[in-house]
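What follows is the residue order along each chain.
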Amino acid sequence: MSTPRGALSLSTFFSAVELIANSIASLPILIKTNSKDEEKKMYFKDMLKNQYLSEYMFKKQLIQDILLYGDGFVYIDRQRTKIKGLRYIPYADVSIIFNKFEGTIKYVCPYIKDINPGNLIHLYKISNDEGYRGVGIIEYAKRTLELANYTENSAVDYYKKGLNWAGLLSSENPLNQI
């Protein structure tokens, strides 16, 4: 139950994650940039570089990563100082290396060479003691999820038997006189 796949097999947990992610993903995002010359407004969907994800799915995947794993990543694709677009990076594709001595963070992704921390949006839920990595809901709700899993398995076993008798109770006295 301590893995996202195991937790998502519980219908209530799955529904809760879906409800939160769908609700947030449906919200519009307007990006404002202030330059010396003018104020520029840009819609989030115009910034996306992921051809395979719609704006809605981009936000939904990002929120699900934050809820389940504690961290979500968006790469800012730049050409010098101009932003070309945003790319969703799945949680599993990013490694975080924290140098305690220097107090620096390095992000490593197999398909993006030399990630500048200024080009990565790192969103996290409830940081751990180190302050650079988030902690997902599953970590905090382990006991509750295990209990819910046991309850669901018990119900499955009960109904799987077809509600057949597992034994008989008998009494020396008539039941209406007990």
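Going by the structure above, here's the rest.
Report follows, based on the coordinates. Just so you know, these numbers come straight off a predicted model, no measurement behind them.

**Here we look at the sheet that holds strand E7 (residues 120-124)**
So, point 1. Strand order in this open sheet of three strands is E4-E3-E7, and the pairing throughout is antiparallel. In this open sheet, the two strands that pair with only one neighbour each are strand E4 (82-89) and E7. Strand after strand, the sheet turns through a mean of 20° between neighbouring axes, direction not considered.
So, point 2. Contacting strand E3 (71-79), E4 and E7, helix H3 (residues 55-69) crosses the sheet at an angle of about 135° to E3.

**Considerations on the packing of aromatic side chains**
So, point 1. Applying the stated criterion to the full structure yields three aromatic pairs.
So, point 2. Ring plane angle 5° and centroid distance 4.4 Å describe the contact between tyrosine 69 and tyrosine 91, whose orientation is recorded as stacked. Taken together, the residues span a long stretch of sequence, with tyrosine 69 in helix H3 and tyrosine 91 in the loop between E4 and strand E5 (95-99) at a distance of 22 residues.

**Examining unusual backbone geometry**
So, point 1. Of note in the backbone geometry, aspartate 114 takes a positive phi value of approximately 45° without being a glycine.
So, point 2. Looking at the secondary structure, you find aspartate 114 in the loop between strand E6 (104-108) and E7.

**Quick notes on the pattern of salt bridges**
So, point 1. Using the criterion set out here, one finds four salt bridges in the structure.
So, point 2. Here glutamate 55 makes a salt bridge to lysine 59, at a shortest N to O gap of 3.4 Å. Remark: lysine 59 and glutamate 55 occur in helix H3; sequence separation between them is four residues, near one turn of the helix.
So, point 3. Where glutamate 139 meets lysine 142, a salt bridge forms, and the shortest distance between an N and an O atom there is 3.6 Å.

**A look at the pairing of E3**
So, point 1. Along E3, seven of the nine residues are buried, which leaves the element largely enclosed by surrounding structure.
So, point 2. Both E3 and E7 contribute to a ladder of five bridges, which runs antiparallel. Looking across to E7, one finds that glycine 72 is bridged to leucine 123.
So, point 3. Relative to E4, E3 runs antiparallel, the two sharing seven bridges. Residue phenylalanine 73 lies in a different strand from E4, and its bridge partner there is isoleucine 89.

**Topic: the environment of leucine 62**
So, point 1. Tracing the chain through its elements places leucine 62 in helix H3.
So, point 2. Since its relative accessible area comes to 8%, leucine 62 is described here as buried.
So, point 3. Placed 26 residues apart in sequence, leucine 62 and tyrosine 88 show a C-alpha to C-alpha distance of 7.1 Å.
So, point 4. If we skip the residues at most four places from it in the chain, leucine 62 touches Gly72, Phe73, Val74, Tyr88 and Leu123.

**Observations concerning the nonpolar core**
So, point 1. Counting 22 residues, the largest nonpolar core has Phe13, Phe58, Leu86, Ile138 and Leu145 as the members making the most contacts within it.
So, point 2. Only helix H2 (11-25), H3, E3 and E4 provide two or more residues apiece to this core.
So, point 3. The greatest single-element share of this core, amounting to six residues, is contributed by H3.
So, point 4. Among the nonpolar cores identified, the runner-up in size contains 11 residues, and Tyr75, Ile89, Tyr107 and Ile115 belong to it.

Conventions we followed
- Residues numbered from 1 in each chain as written.
- Predicted model: local features only at pLDDT ≥ 70, side-chain atom pairs only at ≥ 80, totals over all residues.
- Heavy atoms only, no water.
- Pairing = 2+ DSSP bridges.
- Helix = DSSP H or I, 4+ residues; strand = E, 2+ residues; numbered from the N terminus.
- Axes fitted to C-alpha atoms, helices over the stretch in contact; angles between N-to-C directions.
- Contact = heavy atoms within 4.5 Å.
- Phe/Tyr/Trp six-rings, centres within 6.5 Å; stacked < 30°, edge-to-face > 60°.
- Salt bridge = Lys/Arg side-chain N within 4 Å of Asp/Glu carboxyl O.
- Buried < 20%, exposed > 50% of the residue type's maximum accessible area, 1.4 Å probe, protein only.
- Core = buried A, V, L, I, M, F, W, Y, C linked by side-chain atoms within 4.5 Å.

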